[in-house]
Amino acid sequence: MKTTLKLKTLLLALASVFAFSSCLDDSEDSSGPAYFSYVTIAGDQLFGYKFYADNGAILVPTTTSVEQVLPGLKNSNVKRAFVSFDVINAPADGFLKPNETYQIELGSSYYSNYAIPTYQTILSFEPTDSLHTDNQVINNVNNNIWAANGYVNAQMTLNYEQSKTFYLNTYYTEEDINVDNNTFNLNLYYNSKSNNPYDQGTSVFSFRLPEDAAFHYQTDSINLILNAITNYGDKQLTKVGECKMAVKDFYAPMY
């Protein structure tokens, strides 16, 4: 488990801005950016960035606005973010359409322009490995999960200890690929690495979807089920969220 991060570095004030759908949100407040979206980031400073919005629109930010609003992006490995922006030559109706490309100017906002913590998905072969035996309770998972652009996303509340580094991933087994029912089960693994996880924090987390699982399905869309341990003293996984996802969303955009 190499993917670790201290929760105190990513606690986010999401209560007033978290959107359960993957649609872009336009605002009538002329004093700030008109649009907000979760995005998957592709490209780099040299060749330019493309932000793939979770509603399917492709956003191309100006170099100047990236440097001003996200100055640390060029030196990071950020793959997911929540951004605010205005659209250059925005459509008359204000709606940004899937698969259409838009030139944008990133704009400063107190509630946006931050990285979403991302984690990998692991294929488990042995029911006796630590993914099964050391898995701990997750305090709460909002059941409005969504999948887009290579990632499944969920708002979760974790108990942790500030001085400890926790472990967080998703995992699946071959049995979780249910072709007959057109369903894919994905399981949350959490370990606080603490005997006193008395601190608590809430954030949206993104988990990289496994491309290898996509080859098993012959349809355009499937049902994705997210499972976690939610009862103390119980190692049983239970469903905490479900959504329909396009099979193409197993793949993150390259550029």
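Conventions and cut-offs
Throughout this document, residue positions are counted from 1 along each chain, in the order its sequence is written. In keeping with the predicted nature of the model, local features appear solely for residues at pLDDT of at least 70, side-chain atom pairs appear and are counted solely at 80 or more, and the whole-chain, interface and lining totals rest on all residues. Calculation of side-chain values draws on the structure's entire complement of heavy atoms; hydrogens and water are dropped beforehand. The patches described consist of residues with a relative accessible area above 30% and no salt bridge, like charges being joined within 9 Å and nonpolar side chains (Val, Leu, Ile, Met, Phe, Trp, Tyr) within 5 Å. Areas reported as accessible are Shrake-Rupley estimates using a 1.4 Å probe. Residue values count occlusion only from the protein chains shown. Salt bridges are defined as contacts in which a side-chain nitrogen from Lys or Arg sits within 4 Å of a carboxyl oxygen from Asp or Glu. Only protein chains enter the accessibility calculation, which uses a 1.4 Å probe; a residue whose area is less than 20% of its type maximum is buried, one above 50% is exposed, and one in between is partly exposed. The nonpolar core is taken to be a set of buried Ala, Val, Leu, Ile, Met, Phe, Trp, Tyr and Cys residues, with the residues joined through side-chain atoms within 4.5 Å. Each helix is a run of H or I in the DSSP string that is no shorter than four residues. Each strand is a run of E no shorter than two, and both are numbered from the N terminus. Here, residues are in contact when the closest pair of their heavy atoms is within 4.5 Å.

Caption draft 1: Region of the structure containing a nonpolar patch on the surface. Taken together, the side chains of Leu 46, Phe 47, Met 254 and Tyr 255 present a nonpolar region at the surface, about 570 Å² in accessible area. With a relative accessible area of 40%, Tyr 255 lands in the partly exposed category.

Caption draft 2: Expanded view of the nonpolar core. Ranked by internal contacts, the top residues of the largest apolar core, which has 33 residues, are Met 156, Leu 168, Phe 184, Leu 224 and Phe 250. When contributions to this core are tallied by element, the ones reaching two or more residues are β13 (151–160), β14 (166–172), β16 (183–191), β17 (199–208), α3 (211–214), β18 (221–228) and β19 (238–246). Looking at which element gives the most residues to this core, the answer is β13, with 5 residues. Residues in contact with Met 156, not counting those within four places in the same chain, are Ile 138, Asn 140, Val 141, Leu 168, Leu 188, Gly 201, Thr 202, Ser 203, Phe 205 and Phe 207. Core analysis: the second largest hydrophobic core is formed by 21 residues, Tyr 35, Val 69, Val 87 and Tyr 102 among them.

Caption draft 3: Main features of unusual backbone geometry. The phi dihedral of Asn 99 is positive, around 70°, even though this residue is not glycine. Relative to the assigned elements, Asn 99 resides in the loop between β6 (80–87) and β7 (101–106). Take Asn 99: its relative accessible area is 65%, and that puts it in the exposed class. At Asn 113, a residue that is not glycine, the phi angle is positive and equals roughly 65°.

Caption draft 4: Looking closely at the environment of Ile 138. Among the secondary structure elements, Ile 138 is positioned in the loop between α2 (130–133) and β11 (140–141). Given the relative accessible area of 1%, Ile 138 is considered buried. Distance in space between the C-alpha atoms of Ile 138 and Met 156 is 7.7 Å, their sequence separation being 18 residues. If we ignore the near neighbours within four places in the chain, the residues touching Ile 138 are Met 156, Thr 157, Leu 158, Leu 188, Tyr 190, Ala 228, Ile 229 and Thr 230.

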